[in-house]
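So you can see what is in the structure, the chains are spelled out below.
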Amino acid sequence: MIPTTVFKNFFVTHRWTLGLLLLGAFIQYQGLFDASLNWDEAETLAIAQLPFQELFHVLSIRDFHPAAFHTLLHGWIQIWGNSDISIRMLSWLFGVLVS
């Protein structure tokens, strides 16, 4: 069992980091529950829902961006579904981790 002083020292030492992380999460949270998907979100969803091999074929023809996000979103949809909030949560998660 980890002594409580370890957690207390961690939070005292990293309070600014944790505060900035929470601030970044809040800032990224804005717009997460907007009414509907915009054009680029809808296109990304349409591509990510394709079968895996077809996904790479379509991206090689139409898109010059790396396929990493589409691939991750493809797996994310398999786990969490394709609701508007679910799709935005992956981007939100990356935004929080980057901030």
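Above: the structure in question.
Worth saying up front: this structure is predicted, and the values here are computed from it rather than measured. (Residues numbered from 1 in each chain as written. Predicted model: local features only at pLDDT ≥ 70, side-chain atom pairs only at ≥ 80, totals over all residues. Heavy atoms only, no water.)

1. Observations concerning a nonpolar patch on the surface
Phase 1: Judged by side-chain polarity, Leu-20, Leu-23, Phe-26 and Ile-27 come together as a nonpolar surface patch covering roughly 430 Å² of accessible area.
Phase 2: Within the element layout of this structure, Ile-27 appears in helix H2 (residues 15–29).
Phase 3: When its relative accessible area of 53% is taken as the criterion, Ile-27 is described as exposed. (Patch = residues over 30% accessible without salt bridge, like charges linked within 9 Å, V, L, I, M, F, W, Y side chains within 5 Å. Areas by Shrake-Rupley, 256 points an atom, 1.4 Å probe, with all protein chains shown as cover. Salt bridge = Lys/Arg side-chain N within 4 Å of Asp/Glu carboxyl O. Helix = DSSP H or I, 4+ residues; strand = E, 2+ residues; numbered from the N terminus. Buried < 20%, exposed > 50% of the residue type's maximum accessible area, 1.4 Å probe, protein only.)

2. Points about the packing of aromatic side chains
Phase 1: On inspection of all chains with the given rule, the structure shows three aromatic pairs.
Phase 2: A centroid spacing of 5.2 Å and a plane angle of 85° characterise the contact between Phe-52 and Phe-56, whose relative ring orientation is edge-to-face. Residue Phe-52 and its partner Phe-56 are located together in helix H4 (residues 52–62), separated by four residues, close to a single helical turn.
Phase 3: On the basis of relative accessibility, which here comes to 41%, the residue Phe-52 falls in the partly exposed class.
Phase 4: With 5.9 Å between their ring centres and 45° between their planes, Trp-76 and Trp-80 make a pair best called tilted. Of this pair, Trp-76 and Trp-80 both sit in helix H5 (residues 68–80), four residues apart, which is roughly one turn of that helix. (Phe/Tyr/Trp six-rings, centres within 6.5 Å; stacked < 30°, edge-to-face > 60°.)

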